[in-house]
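# Topology and contacts: notes
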Amino acid sequence: MLDMLLFFTLGLLVHFVFFASIFDIYFTSPLVHGMTPRFTPLPPPARRLVLFVADGLRAEALYELDENGNSRAPFIRNIIMHEGSWGISHTRVPTESRPGHVALIAGFYEDVSAVARGWKENPVEFDSLFNESKYTWSWGSPDILTMFSKGASGDYVYAHSYDAKKEDFGADDVTKLDTWVFDNVKDFFDAAKSNQSLFSKINEEKIVFFLHLLGIDTNGHAHRPASRQYKDNIKKVDDGVKEIVSMFKHFYRNDGKTTFIFTSDHGMTDWGSHGAGHPSETLTPLVTWGAGIKYPQRVSAQQFDDTFLKEWRLENWKRQDVNQADIAPLMASLIGVPFPLNSVGILPVDYLNNTDLFKAESMFTNAVQILEQFKVKMTQKKEVTLPFLFIPFKLLSDSEQLNILRKARSYIKQRKFDEAISLCKELIHLALKGLSYYHTYDRFFLGISVVLGFVGWTSYTSLLIIKSHSNLARGVIKEVKKPSHLLSYSFVAAGLFIAFFLLIQACPWTYYVYCLLPLPIWYVVLKEFQVIEDLAASLLTFPLSHFVGYLLVFTLGIEVLVLSFFYRYMLTAGLTAFASWPFLTQLWTRAKITSLSWTFFSLLLAVFPLMPVVGRKPDLSLVMGAGLLVLLLSLFVVIPLIKRKDGFVKEELFVHLLQMLSIVLSMYVVYSTHSSLLRKGGLPAMNQVVSWATLASSLVLPLLSSTILFQRLFSILLSLMSTYLLLSTGYEALFPLVLSCLMFVWIHMEQETLQQSGVSCKIKLTSIQFSYNTDITQFRQLCLDDIRRAFFLVFFLVTAFFGTGNVASINSFDLASVYCFLTVFSPFMMAALMMWKILIPFVLVICTFEVVQLTTQLSSKSLFLIVLVISDIMALHFFFLVKDYGSWLDIGTSISHYVIVMSITIFLVFLNGLAQLLMTKKLKLWGKPKSHLI
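Residues numbered from 1 in each chain as written. Predicted model: local features only at pLDDT ≥ 70, side-chain atom pairs only at ≥ 80, totals over all residues. Heavy atoms only, no water.

## Thoughts on the pairing of strand S6 (residues 258–263)
Look at any regular strand and the pattern is simple: side chains alternate between the two faces of the sheet. Short version of the rule: Only protein chains enter the calculation, and the probe is 1.4 Å; a residue is then buried if its accessible area is under 20% of its type maximum, exposed if over 50%, and partly exposed in between. Strands are runs of DSSP state E lasting at least two residues, helices are runs of H or I lasting at least four, and both sets are numbered from the N terminus onward. Note on pairing: two strands pair once DSSP finds at least 2 bridges between them.
With 6 of its 6 residues buried, S6 lies for the most part within the structure. Here S6 shows no split at all, with Thr258, Phe260 and Phe262 on one side and Thr259, Ile261 and Thr263 on the other all buried. Here 5 bridges tie S6 to strand S7 (residues 283–290), and the two strands are oriented antiparallel to one another. When the bridges of S7 are listed, Phe262 appears paired with Val287.

## Digging into unusual backbone geometry
In this model, Arg313 sits at a positive phi of 60 degrees, which is unusual for a non-glycine residue. Its identity is not glycine, yet Ala506 carries a phi of approximately 50 degrees, on the positive side. Relative to the elements of secondary structure, Ala506 occurs in the loop between helix H19 (485–504) and helix H20 (509–516). Using a relative accessible area of 55% as the deciding quantity, one classes Ala506 as exposed.

## What to know about the packing of aromatic side chains
Each aromatic ring pair is characterised by the separation of its centres together with the angle its planes make. Convention followed: Stacked, edge-to-face and tilted are the three classes for Phe, Tyr and Trp ring pairs, Trp counted by its six-membered ring, which pair at centre distances within 6.5 Å; planes under 30 degrees apart are stacked, over 60 edge-to-face, the rest tilted. Should the NZ of a Lys or the CZ of an Arg lie within 6 Å of a ring centre and within 35 degrees of the ring normal, that charge is described as sitting over the ring.
For the structure on display, the rule yields 59 aromatic pairs. Residues Phe75 and Trp289 carry aromatic rings whose centres are separated by 6.3 Å and whose planes lie at 80 degrees to one another, so their mutual orientation is edge-to-face. Taken together, the positions of Phe75 in helix H3 (residues 74–82) and Trp289 in strand S7 put the pair 214 residues apart, joining distant regions of the chain. Like Trp289, Phe75 is buried. Here Trp457 and Tyr460 contribute two aromatic rings whose centre-to-centre distance is 6.1 Å and whose plane-to-plane angle is 50 degrees, an arrangement assigned as tilted. Here Trp457 pairs with Tyr460, and both are found in helix H18 (residues 443–469), just 3 residues apart, close to one helical turn. Overall, the relative accessible area of 4% leaves Trp457 in the buried class. The buried category is assigned to Tyr460, whose relative accessible area is 19%. Looking at Arg319, its charged tip hangs above the ring of Phe304, at a distance of 3.9 Å from the centre. Taking NZ or CZ as reference, Lys837 lies 5.9 Å from the ring centre of Tyr724, over its face.

## Let's talk about the layout of surface pockets
Any space left empty among the atoms is revealed by the rolling of a water-sized probe across them. Counted only if it meets this: Two kinds of site are reported from a 1 Å grid over the protein atoms alone, namely cavities, where a 1.4 Å probe fits but cannot get out, and pockets, open sets with protein on both sides within 12 Å along at least five of seven lines, and residues are called lining when an atom falls within 4 Å of a point. Grid points are joined across faces, edges and corners, and a volume is the space filled by probe spheres set on the points. Asp, Glu, Lys and Arg are counted as charged, while Ala, Val, Leu, Ile, Met, Phe, Trp, Tyr, Cys and Pro are counted as nonpolar; the rest, among them Gly, fall into the polar class.
Estimated volume of the second largest pocket: approximately 1,700 Å³. Lining the second largest pocket are 40 residues, with Tyr550, Leu551, Phe554, Leu784 and Ile787 sitting closest to its centre. Put simply, the parts of the chain that give the lining of the second largest pocket at least two residues each are H18, helix H22 (529–540), helix H23 (544–564), helix H24 (569–579), helix H25 (581–584), helix H33 (784–802) and helix H35 (860–881). Among the elements that take part in the lining of the second largest pocket, H23 stands out by supplying 9 residues, more than any other. Here the residues of the lining of the second largest pocket are counted per class, giving 31 nonpolar, 7 polar and 2 charged.

## Comments concerning helix H17 (residues 417–439)
Put simply, the test is: In this scheme, a helix's expected span is set at 1.5 Å multiplied by one less than its residue total. Note on contacts: a residue pair is in contact if any heavy atoms of the two residues lie within 4.5 Å.
In a regular helix each residue adds 1.5 Å, so 23 residues correspond to 33 Å; H17 covers 33 Å between its end C-alpha atoms and thus fits that length. Here H17 has its buried residues at Phe417, Ala420, Ile421, Leu423, Cys424, Leu427, Ile428, Leu430, Ala431, Gly434, Leu435 and Tyr438. Contact partners of the buried residues in H17: helix H15 (356–383) and helix H16 (398–413).

## Quick notes on the pattern of salt bridges
The test is simple: We define a salt bridge as a contact between a side-chain nitrogen of Lys or Arg and a carboxyl oxygen of Asp or Glu at a distance within 4 Å.
Using the criterion set out here, one finds 22 salt bridges in the structure. In this structure, Glu750 engages Arg789 in a salt bridge whose closest nitrogen and oxygen atoms are separated by 2.7 Å. Separated by 39 residues along the polypeptide, Glu750 in helix H32 (residues 735–756) and Arg789 in helix H33 bring together distant segments of the chain. Both residues of the pair, Glu750 and Arg789, count as buried. Ionic contacts of the salt-bridge type, sharing partners, join the residues Glu750, Asp785, Asp786, Arg788 and Arg789 into one network.

## Here we look at the confidence of the model for the protein chain
What counts here: The score called pLDDT rates the predictor's confidence residue by residue, from a low of 0 to a high of 100.
For the protein chain, per-residue confidence averages 85 on the pLDDT scale, and 88% of positions sit at 70 or higher. In this model, residues 115–123 is a region of pLDDT below 50 whose contacts with residues beyond four sequence positions or in other chains number 29 contacts. Below a pLDDT of 50 lies the segment residues 772–777, which in the model reaches 6 contacts outside its immediate sequence neighbourhood of four places, other chains included.

## As for the environment of Ile846
Looking at the secondary structure, you find Ile846 in helix H34 (residues 827–855). Judged by its relative accessible area of 3%, Ile846 falls in the buried class. Considering only alpha carbons, one finds Ile846 and Asn912, 66 residues apart in sequence, at a separation of 6.5 Å.

## A closer look at the packing of H16 against H17
How two helices sit against one another is set out by the angle between their axes and by the gap between those axes. For clarity, the threshold we go by: Structural elements are reduced to axes, namely lines fitted to C-alpha atoms, with helices fitted over the stretch in contact, and the angle between N-to-C directions of any two is expressed from 0 to 180 degrees. Working rule for angles: under 35 degrees goes down as roughly parallel, over 145 as roughly antiparallel, 65 to 115 as roughly perpendicular, anything else as oblique. Crossing handedness follows the turn of the near helix against the far one: under a right angle anticlockwise gives a left-handed crossing, and clockwise gives a right-handed one.
Where H16 meets H17, the closest approach of the two axes is 8 Å, and the angle between their N-to-C directions is 160 degrees. The orientation of H16 relative to H17 falls into the category roughly antiparallel. Of the two elements, H16 crosses H17, and the hand of that crossing is left-handed. Each of Ile404, Leu405, Lys407, Ala408, Tyr411 and Ile412 in H16 lies in contact with H17, whose residues at this interface are Phe417, Glu419, Ala420, Leu423, Cys424, Leu427 and Leu430. Residue composition of the contact of H16 with H17, by class: 11 nonpolar, no polar and 2 charged.

## Quick word on the sheet that holds strand S3 (residues 135–140)
Ordered by their spatial adjacency, 8 strands build an open sheet running S4-S3-S5-S1-S6-S7-S2-S8, and the pairing between neighbours is mixed. The outermost strands of the open sheet, each flanked by one partner alone, are strand S4 (157–161) and strand S8 (322–323). Both S3 and S4 contribute to a ladder of 5 bridges, which runs parallel. When the bridges of S4 are listed, Gly140 appears paired with Ser161.

Pasting the structure below:
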């Protein structure tokens, strides 16, 4: 017992290391420090800059014409045609507010690890346009403004934000968020007229005004971008921008020294979400006008891969697309402040209305600023790498850097500005490649270490299964030899050598963990040489055709699981194959009704992965239907309880009726909440109280029910379904119900399978009670069919994850799912609720597997070890499939797949404990129970 406890503790530790490794290898911060600020040495065209960011506004919604041929943003449309320049700003995944604003204002794409730490803090020290300005005043959401006010190194970035509670998706009119910003800006300038100190500050040069407009994003989440509310909000923002621009011109007496930039941090899908890489999320508007900005350019034809120009009727006005990070150097150049030190944006010179000399000098400054980052990154890596092991970035050697810079400076002196700009762009691209090269310098080395650890751990787990839980390697009994001291000394020497090698290179402490961890793992593997030898001897007696056949089936099963992460319909294929299982194994002849039930529910569950996960409209009728079906099934349990005469049943009946009442309340709350939100009535307080109370009680009520197998399982289903209904908006409400039906049938199927193999006699399922004190002598050794049982568990767990949504994609979840609990924006609370929604089917599967283990007389430890091997093989697959190239969507998805599989392995330990608690613990409502017979 102690050995197994030690094994699971070590296993958990090892998997936490493997889990964390992905963040060290792929999610390390790209930032470097120690650069010198660089700015264009020529007078800037503007004294001040006004930045409007319409949160959640996608390009198409702003630029397109309505059904009557009119623009819903006439002021912005007029700017495009008569005053300024326009285009599309291409954002990167994750398309969330924090990374979007960091790209806009700081000029770099923030790593995901910093994003995950929160929207309300500034966990990564970075430079920004605001930090380089003389003064910055900002108005808007507290989630965004605090990022940059906390990041400023002095008292010159002023943030004016409303209360976070105003960010309510269920509010009557969320355009008030934008109205608040516009009104406060106007009040601010009115106050400046009578405040000499403030008046003096806002008349300085190199100042920035930032207006963060959250209403469009909030309306998009609450009502979707096709709604009247979203479109009306765009019109209100357009009117507000018009008023602010007029106020600025009046206040500064039309001095022509103000630049205006209107853009968005990210777009939004048709179903009201963002976070992934759909074009509706990554294409945002960019409209600029005022001091230093080029006037509209009429053109006869433009070449783009899309058809937007014709759809928007803007084909005659030159469109200039940029990457989102390019906007930061553009703003810095316009007001003459240093480019943000960590910016990787490339100055879009075609937006500038200035001399060719100014454009060339600005681009030269941009190139030197990015080259500085490359030099610092290279120096840092060179200092911690042994000279004979250091491999420099060959495309940008020191001599090549000097050559390009001298040539560019010579072109500027010769007034060959186009050539200078082109050469500077080439230098920027090389420097960015070099930055990426040094940022990923240790990736291969760390990857090899993690893979060695993975393979070693999987090998050791497999050997432990064979040694302790099977008869496979017991054909030949030999005297166990103690491992040679030479083996121990060799591994100790290897460990000291690796530690010394890492020490002289001043590597982080995590490198020691990744590089040294494989040594003890492989040591314990090689210590089991006797088991390996016995296993080889046993396999030689096994028919080759059978061995190859089993290996192919196992490999095919693993590949189907891996492919299901990319193509959800693979789950449908797997469930369809499961449906034919009884007919392939002759179970059909033993248990016809059970076999037909298995086939029916397998095929019914196979429908869900084919259903759309995004873009669907809420359908409360399906949620109500799911609730009614659960109530109908409950009657089959209630009626037998009513017929029983013993006094003990009163408590069970009371608990069961309480759970049925909870289902009814959940149905009412869902209907009432959505009706109230449609009427603009917000989230009723009583509905919110009932929702949270239901969630809190869902893990307690099952503990009051009988520990008889099916009664306890059904009680768990009722409690979890009441919460799941509150978190549902459509067909997914039926998913845990169908899954549970299949799980109930699975228990019967496994018992029939065990009988057919002659392992044990049939146990009456209705007589089984759960208990912590299971007789260990009842456990049997593993057989080949147990690998199938473990595979079924993993497959059902993956189905629970991906059955109704793509967990790897942020935007496949509808925020409307949590509206019964809260409507005020709270990213982590909303994420926690959505995660619990995903885990509910997971818990149902785990609880069922507890029953399968008990009825098949298997130790949970032995089956868990098989599951561990399967999930680790999958994780190793995804570790090799992780990408650091291609689209950001591909990169993010590949990493999230690895994280999900590793999470399954880690959470399986905790959820297995939760399942045992739910299945075995019994609480009493009153008194001592009377004894009764089953």
